[in-house]
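Here's the letter readout for the chains.
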Amino acid sequence: LLMLVRLIAKPILALMVKMASGIADKSLGLQFVVPVQIACLAIFWTIVVTLVTVSPSILLVFVYLTEVVVTVVVFWLLCLLTDLIALVIVERYLGPRSGAKENLLILMVGRLVKIILLVFAVLELAKTFGLDSMRVLAALGVGGVALALAGKDTVENVFGSLMIMLERPFELGDWIILDKWEGSVEHVGLRSTRIRTFYNSLISIPNVKFVTTPVDNMGKRRFRRFKTVLNITYDTPADRITAFTKGIEELVENTPNARKDYYNVRLYELGASSIDILIYMFFIASSYSEELASREKLLHEIIHLAEKLNI
């Protein structure tokens, strides 16, 4: 018996492990062994009972059990194969830079395939026990409607995931603000979306929220605003103030990733204890770290300019 199980399971295991090579979840290929072993055991004992002289009723029970086990095992194997194919597509062909839309689409197609396989498995079991397949299918339809009404929130969240996939308001890794939540998108599922906050906590937000609440995607900004006010003393001569503002304008113009068509460097206000100069500009940066580096470089140049003009 063990030799028979190994003989049948070994080539299937080798094929699944080969398919799973190169993906993160390599254990998925090993999971194919268990259902194959169960099917082999069921078939083996049915053959044993057939060869041994037993009553027809006992033999009929073993035949029915074997058909049920084989049907369940085939459904089990096809579900595992669906998961394996989805992982191979996402990790080997789409790559790590694939966005939420592609990953969610593969996930939803996989879930849909599993539901279809489950329907066929139930119909096959009904056929085994002599039940009318059409009546069973109608019962499944009524049960599905009742389940959908009972799980109204789940249906709304699935609809929300569809809207995320179609509208694509954000990608994995984007910094978003939704109501009182703020952070980077880490995972998009069928029911919820997980956001990693800047406190390193993880928030799961129901996808229906993305349908009813505006999403501010900070990760899609083309320009990042920088606004500051420089305070200089009242004993600074007017000509130095003019030279200082003109010098800052030149620094902005010479900054490679600064927006050149819209910025302001102006004498802003006569404060209670200082003369205030406003700097209002935008950096072209793809990340917050890049924005900080550009801001730091500009501020260093402004400090050197102030030292040069003795301000």
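Keep in mind the model is a prediction, meaning the values are calculated, not measured.

A.B. asks: For this particular structure, what's the right way to read the sheet that holds strand 1 (residues 175-178)?
C.D. replies: Pairing between the strands of a sheet is mediated by backbone hydrogen bonds and can be parallel or antiparallel. Judged by pairing direction, the sheet is antiparallel, and its 5 strands sit side by side in the order 4-3-2-1-5 without closing on themselves. Both edges of this open sheet fall to strand 4 (202-206) and strand 5 (215-217), since each of them pairs with a single strand only. Strand-to-strand, the axes of this sheet are offset by a mean angle of 40°, without reference to chain direction. Where strand 1 and strand 2 (residues 181-188) come together, 4 bridges link them in antiparallel fashion. Bridging from a neighbouring strand, Ile176 pairs with Gly183 of strand 2.

A.B. asks: Hey, could you run me through the environment of Ile241 in this one?
C.D. replies: Note that Ile241 resides in helix 9 (residues 238-254). Looking at Ile241, the relative accessible area reads 10%, which means it is buried. Put simply, Ile241 and Ile275 are 34 residues apart on the chain and 9.2 Å apart in space, counted from C-alpha to C-alpha. For Ile241, the contacting residues outside a window of four places in its chain are Ile232, Thr236, Leu267, Ile275 and Ile277.

A.B. asks: Could you clarify how one ought to interpret the packing of aromatic side chains in this entry?
C.D. replies: For any pair of aromatic rings, geometry is given as the distance between the ring centres together with the angle between the planes. Applying the stated criterion across every chain, the model contains 5 aromatic pairs. Between Tyr262 and Tyr280, the aromatic rings sit 6.2 Å apart at their centres with planes inclined by 90°, giving edge-to-face as the arrangement. Of this pair, Tyr262 sits in the loop between helix 9 and strand 7 (264-270) while Tyr280 sits in strand 8 (residues 275-283), and the two are 18 residues apart along the sequence. Linked through ring pairs, Tyr262, Tyr280 and Phe282 together constitute an aromatic cluster. Note that Arg259 overlies the ring of Phe223, its terminal NZ or CZ placed 4.4 Å from the centroid.

A.B. asks: Whenever I open this one, the sheet that holds strand 7 confuses me. Can you help?
C.D. replies: Taken in spatial order, the 3 strands of this open sheet run 6-8-7, and their pairing is antiparallel. The sheet terminates laterally at strand 6 (224-232) and strand 7, the two strands that pair on one side only. Neighbour to neighbour, the strand axes of the sheet diverge by 20° on average, direction disregarded. As paired strands, strand 7 and strand 8 are joined by 6 bridges and run antiparallel to one another. What sits directly across from Asn264, in strand 8, is Tyr280. The strands that helix 9 touches are strand 6, strand 7 and strand 8; relative to strand 8, the one it contacts most, it runs at about 10°. Most of the contacts of helix 10 (residues 288-308) go to strand 6, to which it runs at about 25°, and overall it touches strand 6 and strand 8.

A.B. asks: Help me understand the nonpolar core, please; the structure alone is not making it clear to me.
C.D. replies: Side chains that are nonpolar tend, in soluble globular proteins, to be buried together. With 20 residues, the main nonpolar core has Leu230, Phe244, Ile248, Ile277, Met281, Leu298 and Ile302 as its most contacted residues. Going through the elements one at a time, strand 6, helix 9, strand 8 and helix 10 are the ones with two or more residues in this core. Not counting residues up to four positions away in its chain, the partners in contact with Ile302 are Leu230, Phe244, Ile248, Leu251 and Ile279. Counting 9 residues, the second largest nonpolar core, distinct from the first, contains Phe170, Leu178, Ile205 and Phe210.

A.B. asks: Would you mind showing me how to read helix 9 here?
C.D. replies: An α-helical turn contains 3.6 residues, so a residue and the one three or four places further along point in the same direction. Taking 1.5 Å per residue as the helical rise, helix 9 with its 17 residues ought to reach 24 Å, and the 24 Å between its terminal C-alpha atoms agrees with that figure. Regarding helix 9, the residues found buried are Ile241, Phe244, Thr245, Gly247, Ile248, Glu249, Leu251 and Val252.

A.B. asks: What exactly am I supposed to notice about the side chain of Glu249 here?
C.D. replies: Looking at the element boundaries, Glu249 is found in helix 9. Residue Glu249 is classed as buried on the basis of its relative accessible area, which comes to 18%. Within the local environment of Glu249, its side chain forms a polar contact with the side chain of Arg266, the two groups lying 3.1 Å apart.

What counts as what
The residue numbering used here restarts from 1 in each chain and proceeds along that chain's sequence as written. Side-chain atom pairs in this predicted model are given and counted only at pLDDT of 80 or more, local residue features only at pLDDT of at least 70, and totals for whole chains, interfaces and linings cover all residues. Each side-chain value is derived from all of the structure's non-hydrogen atoms; neither hydrogens nor water enter the calculation. A pair of strands is treated as paired once DSSP finds two or more bridges between them. Working definition: helices are DSSP H or I runs of at least four residues, strands are E runs of at least two. Numbering for both runs from the N terminus. To obtain each axis, a line is fitted to C-alpha atoms, and for helices this fit is confined to the stretch in contact; angles are then taken between N-to-C directions over 0 to 180 degrees. Categorising residues by exposure relies on relative accessible area from a 1.4 Å probe, with only protein chains included: less than 20% of the type maximum marks a residue as buried, more than 50% marks it as exposed, and the intermediate range marks it as partly exposed. Two residues qualify as a contact provided that any one of their heavy atoms is within 4.5 Å of a heavy atom in the partner residue. Only the six-membered ring of Trp is used, alongside the rings of Phe and Tyr, when aromatic pairs are assigned; centres must lie within 6.5 Å, and planes under 30 degrees apart are stacked while those over 60 apart are edge-to-face, with the rest tilted. A ring is considered to have a charge above it if a Lys NZ or an Arg CZ atom is located within 6 Å of its centre and within 35 degrees of its normal. What makes a nonpolar core is a set of buried Ala, Val, Leu, Ile, Met, Phe, Trp, Tyr and Cys residues whose side-chain atoms join them at distances within 4.5 Å. Each residue after the first adds 1.5 Å to the expected span of a helix. For the purposes of these results, a polar contact is taken to be a pair of N or O atoms within 3.5 Å, where, inside protein, one atom must be able to donate a hydrogen and its partner to accept one; residues adjacent in sequence count only when each atom of the pair is a side-chain atom.

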